[in-house]
Amino acid sequence: MKVSDLVRRLHALPDQNATVVIGEGTKPDTWLIVSGVVPRQISRVSRDHAEPGIEAAVEIV
């Protein structure tokens, strides 16, 4: 997902003061609370996996 896509989806939410959480995926009742973002440089290995590289990315922490 591109940053612009994420921002567009977040702006469309009705409650702009909602806390952002990330779901664990296989555990639907387990979430991580987002506390910030960190710029990264990545190389895509697959759709779901990346490693250090030269492509600009943002890690959500």
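Above this text you will find the structure in question.
Residues numbered from 1 in each chain as written. Predicted model: local features only at pLDDT ≥ 70, side-chain atom pairs only at ≥ 80, totals over all residues. Heavy atoms only, no water.

### Thoughts on the environment of Glu59
Consideration 1: Relative to the helices and strands, Glu59 is located in strand E5 (residues 55-60).
Consideration 2: For the pair Glu59 and Leu10, spaced 49 residues apart in sequence, the C-alpha separation works out to 16 Å.
Consideration 3: Setting aside anything within four residues of it in sequence, one finds Glu59 in contact with Gly36, Val37, Val38 and Arg40.
Consideration 4: Of note is the side chain of Glu59, whose polar atom sits 2.6 Å from the side chain of Arg40. (Helix = DSSP H or I, 4+ residues; strand = E, 2+ residues; numbered from the N terminus. Contact = heavy atoms within 4.5 Å. Polar contact = N/O pair within 3.5 Å; in protein donor to acceptor, adjacent residues only side chain to side chain.)

### Structural notes on the pattern of salt bridges
Consideration 1: Overall, the coordinates contain three salt bridges when judged by the stated rule.
Consideration 2: One salt bridge in this structure joins Arg44 and Glu55, with 2.9 Å as the shortest N-O distance. Of this pair, Arg44 sits in strand E3 (residues 37-46) while Glu55 sits in strand E5, placing them 11 residues apart in sequence. (Salt bridge = Lys/Arg side-chain N within 4 Å of Asp/Glu carboxyl O.)

### Describing a nonpolar patch on the surface
Consideration 1: Among the surface-exposed residues, Met1, Val3, Leu6, Val7, Leu10, Leu13, Val20, Ile22, Leu32, Val37, Val58 and Ile60 lie close enough to one another that they form a single nonpolar patch of about 1,000 Å² accessible area.
Consideration 2: Mapped by element, the contributors of at least two residues to the nonpolar patch are helix H1 (3-11) and E5.
Consideration 3: With four residues, the single largest contributor to the nonpolar patch is H1.
Consideration 4: With respect to the helices and strands, Ile60 occurs in strand E5. (Patch = residues over 30% accessible without salt bridge, like charges linked within 9 Å, V, L, I, M, F, W, Y side chains within 5 Å. Areas by Shrake-Rupley, 256 points an atom, 1.4 Å probe, with all protein chains shown as cover.)

This is a description of form; function is not addressed.
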